[in-house]
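# Summary of structural features
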Amino acid sequence: MTKTYTNILQGERVQLPTKYGHFEIVPFQEKATGIEHMALIKGNFTAKDTVLTRIHSSCATGDLFGSLKCDCGEQLNEAMKIIENNGSGVIVYLQQEGRGIGLMNKMKAYKLQELGMDTIEANIELGFAEDERDYKIGAEILSALGVSKLNLLTNNPDKIIGLEQHGIEIIKRIPLIIKSNPFNKFYLDTKENHMGHQLKEEKGETQHYDN
């Protein structure tokens, strides 16, 4: 049964068994644009609970094809494992490809990176901000699910700020620990050194990255 909220429509909630555990999945659609998002849900929680949550932006190359140029697919898989082990939680999957610039422009940015630019320089060269994402829709999806307090799986401070600006309370930030590889190290270093992503534990011995 479709439910209508101020800015989004919520579709049917159905069972989704996966290799990482048994979840439920529910689609959402922005009324103004028709863009579709989804939430992956594990277990039961109430409005008073602090819910383990991942806000994940779509990455076709990483999530679908296992690209080594980013860590997105590994992050998504790790988030599913962590939430499964926790027994409850939510992954909000937002259609915000390429930090919000879309797949076509993401490929243009990749081409510029092949020519020597970093991920920020490539976005700016194409006329975009370094990160075009807006977390308002993510906050609205969480609200539709009855979630207002999070333990958030992220290293990106902008996600915390963006969600808090729309009424979501972040109780704790939990890092996703993913090892870098030779293909994504420069990309991850750029996010750490120029975008403020918090990529090292206090002792500086373990790296963890966020998309």
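Treat the numbers as computed from the prediction; the structure is a model and nothing was measured. Every chain begins its residue count from 1, and numbering advances along the sequence as written. For a predicted model such as this one, the threshold for reporting local features is a pLDDT of at least 70, and the threshold for listing and counting side-chain atom pairs is 80 or more; totals across whole chains, interfaces and linings nevertheless cover every residue. With hydrogens and water set aside, each side-chain value is computed from the structure's full complement of heavy atoms.

## Regarding the pattern of salt bridges
Salt bridge, as used here, is a side-chain nitrogen of Lys or Arg placed within 4 Å of a carboxyl oxygen of Asp or Glu. The tally for this structure, following the rule as stated, stands at 6 salt bridges. The partner of Lys111 in a salt bridge is Glu114, and the shortest N-O contact between them spans 3.1 Å. With Lys111 and Glu114 both in helix H4 (residues 103–114), this residue pair falls 3 residues apart, about one helical turn. Between Asp131 and Arg133 there is a salt bridge, with its nearest N and O atoms 2.8 Å apart. Helical segments are the DSSP runs of H or I of at least four residues, strand segments are the runs of E of at least two, and each set is numbered from the N terminus.

## Some remarks on unusual backbone geometry
Positioned with a positive phi, Arg99 is a non-glycine residue whose angle comes to about 55°. You can see Arg99 is positioned in helix H3 (residues 97–100).

## As for the side chain of Gln96
Mapped onto the elements, Gln96 comes out in the loop between strand S7 (89–94) and H3. Under the relative-accessibility criterion, Gln96 is labelled buried at 12%. Each polar contact in these results corresponds to two N or O atoms within 3.5 Å; when the atoms are within protein, one needs to be able to donate a hydrogen and the other to accept it, and residues that are neighboring in sequence are counted only if both atoms are side-chain atoms. At 3.4 Å, the side chain of Gln96 and the side chain of Ser57 are in polar contact. Apart from residues lying up to four places away in sequence, Gln96 is in contact with Ser57, Ser58, Arg133, Asp134 and Tyr135. For each residue, the accessible area found with a 1.4 Å probe, counting protein chains only, is set against the maximum for its type, and the residue is called buried under 20%, exposed over 50%, and partly exposed in between. Throughout, a residue-residue contact means that at least one pair of heavy atoms, one from each residue, lies within 4.5 Å.

## So, the layout of surface pockets
Which parts of space are left empty comes out when a probe the size of a water molecule is rolled across the atoms. Lining residues are those with an atom within 4 Å of a point, where the points come from a 1 Å grid over the protein atoms alone and group into cavities, where a 1.4 Å probe fits but cannot get out, or pockets, open sets with protein on both sides within 12 Å along at least five of seven lines. Grid points are joined across faces, edges and corners, and a volume is the space filled by probe spheres set on the points. Space inside the second largest pocket adds up to approximately 270 Å³. Forming the walls of the second largest pocket are 18 residues, and the residues nearest its centre are Met38, Leu40, Leu76, Met80 and Tyr93. Broken down by secondary-structure element, the contributors of at least two residues to the lining of the second largest pocket are strand S3 (14–18), strand S5 (36–42), helix H1 (60–64), helix H2 (72–86) and S7. Three classes are used, and their members are as follows: Ala, Val, Leu, Ile, Met, Phe, Trp, Tyr, Cys and Pro are nonpolar, Asp, Glu, Lys and Arg are charged, and the others, Gly among them, are polar. Counted by class, the lining of the second largest pocket contains 12 nonpolar, 4 polar and 2 charged residues.

## Quick look at the UniProt feature "binding site: Zn(2+)" (unreviewed entry) in the protein
UniProt positions are given in the numbering used here, feature names are shortened, and annotations may be inferred rather than shown by experiment. Within this structure's numbering, the places UniProt gives as "binding site: Zn(2+)" (unreviewed entry) are Cys59, Cys70 and Cys72. For Cys59, a relative accessible area of 4% puts it in the buried group. With sequence-adjacent residues up to four places away left out, Cys59 is seen in contact with Leu64, Cys70, Cys72, Tyr93, Glu97 and Lys106. Examined against the element boundaries, Cys72 turns out to sit in helix H2.

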